[in-house]
Amino acid sequence: PATWLAARLEDAAAGAGLLDMMARPIHVPAPLAALAHANTALACDAAVRRTQLCPQEFVIELQDAALAASSADCVARVEGLRRRGFRVGLDARTSWSTSLCSNLRLMLDSVRISAPTLDTEPDVQDLAEVAHAAGLSVIADKARWQDAYWLGQLGVEYGVQLKADA
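Predicted model, so just to flag it, every value in this text is computed and none were measured. (Residues numbered from 1 in each chain as written. Predicted model: local features only at pLDDT ≥ 70, side-chain atom pairs only at ≥ 80, totals over all residues. Heavy atoms only, no water.)

Caption draft 1: Highlighting the pairing of strand E1 (residues 26–30). Of the two faces of E1, only the one carrying Ile 26, Val 28 and Ala 30 is buried; His 27 and Pro 29 on the other face are not. Pairing of E1 with strand E2 (residues 58–63), which is carried by five bridges, proceeds in the parallel orientation. Its bridge partner lying in E2, His 27 is registered against Val 59. The parallel pair E1 and E2 is bridged by helix H2 (residues 40–49), and the resulting crossover is right-handed. (Buried < 20%, exposed > 50% of the residue type's maximum accessible area, 1.4 Å probe, protein only. Helix = DSSP H or I, 4+ residues; strand = E, 2+ residues; numbered from the N terminus. Pairing = 2+ DSSP bridges. Right-handed = clockwise from strand over helix to strand, strands pointing away.)

Set out below in structure tokens:
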């Protein structure tokens, strides 16, 4: 899993160079198994050093299920990524059971949520509000343009894969 994630970082860096992408940070999804390997941070750091980018230009998005248990090993692995300079985000599009305790809030930079679930799940609304209050960037996936004001009230600052209203 560490080698796989490192290869994805290299691919993302190469893609950004080929497309002359200036948008930063580059979000790279990480599987649950990435936190199971003790050398994930080291492998990711080595991969990024082989490119022309720096670790701060990447957000490694960890699945909610990876951090939901908040085991000491998982938290230590996230700290390892942070020590190497990587930004770490929480992908809560399919599950949202991670509690944003104070030590986890300090390690995360962003939270990605599914905009359609904001209407139906009060827990997702609470997650967005807590994340915004903690200073994390809240990213809504598949948001509708007409909901921009309402999303802004909840603390959602960014949108990905926006849906047209027409």
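Caption draft 2: Layout of the pattern of salt bridges. Taken as a whole, this structure holds ten salt bridges when the rule is applied. With its nearest N and O atoms 2.9 Å apart, the salt bridge here joins Glu 10 to Arg 50. Separated by 40 residues along the polypeptide, Glu 10 in helix H1 (residues 2–18) and Arg 50 in the loop between H2 and E2 bring together distant segments of the chain. Given the relative accessible area of 55%, Arg 50 is considered exposed. In this structure, the salt-bridge partner of Arg 144 is Asp 147, at a minimum N-O distance of 3.8 Å. Among the charged side chains, a network of salt bridges with common partners joins Asp 45, Arg 49 and Arg 84. (Salt bridge = Lys/Arg side-chain N within 4 Å of Asp/Glu carboxyl O.)

Caption draft 3: The arrangement of H1 in detail. Between the first and last C-alpha of H1 there are 24 Å, a value that for 17 residues agrees with the 24 Å anticipated at 1.5 Å per step. Here H1 has its buried residues at Ala 2, Leu 5, Ala 6, Leu 9, Ala 12, Ala 13 and Ala 16. Down the axis of H1, the buried set is contained in an arc of 115°. They therefore lie on one face. Facing away from the buried surface of H1 by more than 90 degrees, the exposed residues are Thr 3 and Leu 18. Residues of H1 that are buried make contact with E1, H2 and E2. (Expected span 1.5 Å × (residues − 1). Arc of directions from axis to C-beta. Contact = heavy atoms within 4.5 Å.)

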